[in-house]
Amino acid sequence: MGETFEWLFFFFILIALLIIVIYQLMCLADLEFDYINPYDSASRINKVLLPEFITQGVLCLLYLVTGHWVMSLLCVPYLYYNVRLYTEGKHLVDVTEIFNLLNWEKKQRLFKLGYLIFLLFISLFWY
């Protein structure tokens, strides 16, 4: 019974991460199609970046503590990337450069989305 609750908890954390990344992609798409101004888009994305990083770190730590070694190892590259972005100070979206970096930001979020979907499928079909 405990393993079922663990799996549900991990599943809902992964879904929350997916929702955060999809929200960021929607903000970037709204900016690209000129539905929203750059300041609002950047502030909305920047508000959810730190919760995304913390949630990913907690998920990786919980996998490690509960003995799911393979899932923990699969979370490490994404966690390393987030930590590297944060330590270099490149994690926030700059309002003045958002149009120049729009394609890069979208590719970055799409890669994160694909990686999280991969983790979700592994957690769905492996456990």
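Presented here is an overview of the structure given in this document. The structure displayed is predicted, hence computed values, not measured ones.

Here we take up the overall build of the protein chain. A count of helical and extended segments in the protein chain gives 4 helices and 0 strands. For the protein chain, the spread of C-alpha atoms along the principal axes amounts to about 50 × 30 × 20 Å. Residues counted as buried form 37% of the 127 residues belonging to the protein chain. Considering only intrachain contacts with a sequence separation of at least 6, the fraction spanning at least 24 residues in the protein chain is 77%. Surface exposure of the protein chain reaches about 7700 Å², of which carbon and sulfur atoms provide 71%.

This next bit is on the environment of Leu18. Topologically, Leu18 is positioned in helix H1 (residues 2-32). Of the residues examined, Leu18 reaches a relative accessible area of 9% and is grouped as buried. Separated by 34 residues in sequence, Leu18 and Glu52 have C-alpha atoms that sit 9.4 Å apart. Not counting the four nearest positions on each side in its chain, Leu18 is found in contact with Leu113, Leu116, Ile117 and Leu120.

Within the largest apolar cluster, 20 residues are counted, with the highest numbers of intra-cluster contacts made by Leu14, Leu59, Tyr63, Cys75, Leu116 and Leu119. At the level of elements, H1, helix H2 (38-65), helix H3 (69-88) and helix H4 (102-126) are the ones that each hand at least two residues to this core. Residue contributions to this core peak at 8 residues, all from H1. For Leu119, the residues in contact, after removing those within four places along its chain, are Leu14, Met71, Leu74 and Cys75. Core analysis: the next-biggest nonpolar cluster, separate from the first, contains 10 residues, Leu28, Ile45, Val93 and Ile98 among them.

Here is what the cut-offs are and how they apply
- Residues numbered from 1 in each chain as written.
- Predicted model: local features only at pLDDT ≥ 70, side-chain atom pairs only at ≥ 80, totals over all residues.
- Heavy atoms only, no water.
- Helix = DSSP H or I, 4+ residues; strand = E, 2+ residues; numbered from the N terminus.
- Buried < 20%, exposed > 50% of the residue type's maximum accessible area, 1.4 Å probe, protein only.
- Contact = heavy atoms within 4.5 Å.
- Areas by Shrake-Rupley, 256 points an atom, 1.4 Å probe, with all protein chains shown as cover.
- Core = buried A, V, L, I, M, F, W, Y, C linked by side-chain atoms within 4.5 Å.

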